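Spelled out from the first residue to the last, the chains are:
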Amino acid sequence: MAQTGVDGTFPAVADLDLDGKPEVAVISNNGATLKHHLVIWRYNPDLPNKVEIVRPGININGPLNPSLCPVGSAGNTRGGGPPTIADFNGDGTPDVAVAGGIGYAVFDGKKLMDPNVPAAETLLWIKQTKDCSSAATGSSVFDFDGDGSAEVVYSDEHYLRIYKGSTGDVLWQTCNTTGTLRDSRWSRTSITTAAQISWRCPITIRASPVRRRNRQGCGSMATRRGSGCGPGGSGINTLITSLT
Ligand SMILES: [Ca+2]
Ligand SMILES: [Ca+2]
Ligand SMILES: [Ca+2]
């Protein structure tokens, strides 16, 4: 139906400009030319290969330097997991988020679709994270406080964090050592379903007693399942309390 001819690894679909026609946001991780980049394209039957390339490749690391990860590691040489799409800044249009090896980045969907906005200025915010091992993790989103702006739930090698969607401010975090491996992507359903039902313990995340350097990363080793929430626990209940 369409052929982009552009590198790509993980796709997501959304109507970024609200014109009733979908755009495709693609993360290219270790492509032939695009090693850690976001591509936006859409179907256009009037163009060659029926494709309009809206953004041919935006560096998802933004101003962060890949040297934050060791030479030769995944985080140093490539990066980008499955993109997550939600309205992070609450302006009514979808935005695109992605975790790489050295940072978690959110791009403003409205700016992505505006050809007058330079690539580097489409970044809504980016926060330094640590995932040198895989550089290809997913994340989850949910509007925990119901203000129309989605919060981000993301776990790197050291911490499980919740970021404020509009600014990237860390609303809550807990030590959660993992080998990442795209592991937070699977938890999306459990977050939303549980939160809608009870507002209690909506986050389920895997942890693993991995590398020594990870244990040093946040002070203690987590070998549990769960995020410390539930009756009598802290976790997400603390977040909800602080937001309301
Ligand atoms: Ca559209
Ligand atoms: Ca938005
Ligand atoms: Ca919110």
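Residues numbered from 1 in each chain as written. Chains lettered and ligands numbered in written order. Predicted model: local features only at pLDDT ≥ 70, side-chain atom pairs only at ≥ 80, totals over all residues.

Trainee: I tried to follow the pairing of strand E3 (residues 36-43) on my own but got confused; where do I start?
Mentor: Side chains on a regular strand alternate between the two faces of the sheet. Across the eight residues of E3, seven count as buried, placing the element largely inside the fold. Joining the antiparallel neighbours strand E2 (residues 23-29) and E3 is a turn of six residues, in which Asn 30 adopts a positive phi near 65°. With six bridges connecting them, E3 and strand E4 (residues 51-59) associate as antiparallel partners. Among the inter-strand pairings, Arg 42 is bridged to a residue of E4, identified as Glu 52. (Buried ≥ 20, exposed ≤ 12 C-beta atoms within 10 Å, placed from the backbone. Helix = DSSP H or I, 4+ residues; strand = E, 2+ residues; numbered from the N terminus. Pairing = 2+ DSSP bridges.)

Trainee: What is the right way to read the sheet that holds strand E9 (residues 140-142) from this model?
Mentor: Consider a sheet: its strands pair through backbone hydrogen bonds, and that pairing is either parallel or antiparallel. Spatially, E9-E10-E11-E12 is the arrangement adopted by the four strands of the open sheet, whose pairing is antiparallel. What marks the edges here is a single partner per strand, and that holds for E9 and strand E12 (170-175). Neighbour to neighbour, the strand axes of the sheet diverge by 15° on average, direction disregarded. Looking at chain direction, E9 and strand E10 (residues 151-155) are connected through three bridges and run antiparallel. Counterpart to Val 141 in the pairing with E10 is Val 152. (Axes fitted to C-alpha atoms, helices over the stretch in contact; angles between N-to-C directions.)

Trainee: For this particular structure, what's the right way to read the sheet that holds E2?
Mentor: In space, the four strands of this open sheet follow the order E1-E2-E3-E4, with antiparallel pairing throughout. Of all the strands in the sheet, just strand E1 (10-14) and E4 have a single pairing partner and so form its edges. Here the strands of the sheet are splayed against their neighbours by 20° on average, with no regard to which way each runs.

Trainee: I would appreciate a short explanation of the nonpolar core in the present structure.
Mentor: Nonpolar side chains in soluble globular proteins tend to be buried together. The biggest cluster of nonpolar side chains holds 38 residues, and the ones touching the most others in it are Leu 38, Val 96, Val 98, Ala 105 and Val 152. In this structure, Leu 38 is in contact with Ala 25, Ile 27, Arg 55, Ile 58, Ile 60, Val 96, Val 98 and Phe 107, ignoring residues within four places of it in sequence. Counting residues in each nonpolar core, the second largest holds six residues, with Cys 69, Ile 102, Cys 132 and Ala 136 among its members. (Core = buried A, V, L, I, M, F, W, Y, C linked by C-beta atoms within 7 Å. Contact = placed C-beta atoms within 7 Å.)

Trainee: Honestly, unusual backbone geometry in this entry has me stumped. Any pointers?
Mentor: Glycine aside, the phi torsion of most residues is negative, and most peptide linkages are trans. Located in the positive-phi region is Leu 18, a residue other than glycine, with phi close to 55°. Its location among the elements puts Leu 18 in the loop between E1 and E2. By the C-beta count within 10 Å, which is 13 here, Leu 18 ends up partly exposed. Despite not being glycine, Ala 135 has its phi angle at roughly 55°, a positive value. Here Ala 135 lies in the loop between strand E8 (123-128) and E9.

Shape is all these values report; function is a separate question.
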